[in-house]
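Read off the chains here:
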Amino acid sequence: MDVLLLMIPSSIFLGILFLIMFIISVYTGQFDDIDSQAVRILLDDKED
């Protein structure tokens, strides 16, 4: 039962930490263009 006193605050702390990291990544623009990276490998950009 004592382990719950450690696990509950640590899980809340990790949840808040990941939420802050997600919000920072959204504001820095890492999710702005998610389609071009998947399509870019299929395109041949060499002009022969």
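Predicted, not measured: the structure shown is a model, and the values here were computed from it.

Draft legend 1. Spotlight on the overall build of the chain. Within the chain, the secondary structure is distributed over two helices and zero strands. Taken along its principal axes, the extent of the C-alpha atoms in the chain is 70 × 20 × 10 Å. Split into buried and exposed, the 48 residues of the chain put 2% on the buried side. Taken as a whole, the chain presents about 5000 Å² of accessible surface, with 69% of it coming from carbon and sulfur.

Draft legend 2. Highlighting the environment of M21. Structurally, M21 can be placed in helix α1 (residues 2–27). Classification of M21 as partly exposed rests on a relative accessible area of 46%.

Draft legend 3. Region of interest: α1. With 26 residues, α1 extends 39 Å from end C-alpha to end C-alpha; this agrees with the ideal 38 Å at 1.5 Å per step. G29 sits one or two positions beyond α1 and adopts a positive phi of about 95 degrees.

Draft legend 4. Up close: a nonpolar patch on the surface. A grouping of M1, V3, L4, L6, M7, I8, I12, I16, I20 and I24 is seen on the molecular surface, where their side chains present a nonpolar patch of about 1000 Å² in accessible area. You can see L6 is positioned in helix α1. According to the relative accessible area criterion, L6 is exposed, its value standing at 56%.

Draft legend 5. Expanded view of the side chain of S25. Along the polypeptide, S25 turns up in helix α1. Ignoring sequence-local partners within four residues, the contact set of S25 consists of Q30 and F31.

What counts, and at which threshold
Residues numbered from 1 in each chain as written. Predicted model: local features only at pLDDT ≥ 70, side-chain atom pairs only at ≥ 80, totals over all residues. Heavy atoms only, no water. Helix = DSSP H or I, 4+ residues; strand = E, 2+ residues; numbered from the N terminus. Buried < 20%, exposed > 50% of the residue type's maximum accessible area, 1.4 Å probe, protein only. Areas by Shrake-Rupley, 256 points an atom, 1.4 Å probe, with all protein chains shown as cover. Expected span 1.5 Å × (residues − 1). Patch = residues over 30% accessible without salt bridge, like charges linked within 9 Å, V, L, I, M, F, W, Y side chains within 5 Å. Salt bridge = Lys/Arg side-chain N within 4 Å of Asp/Glu carboxyl O. Contact = heavy atoms within 4.5 Å.

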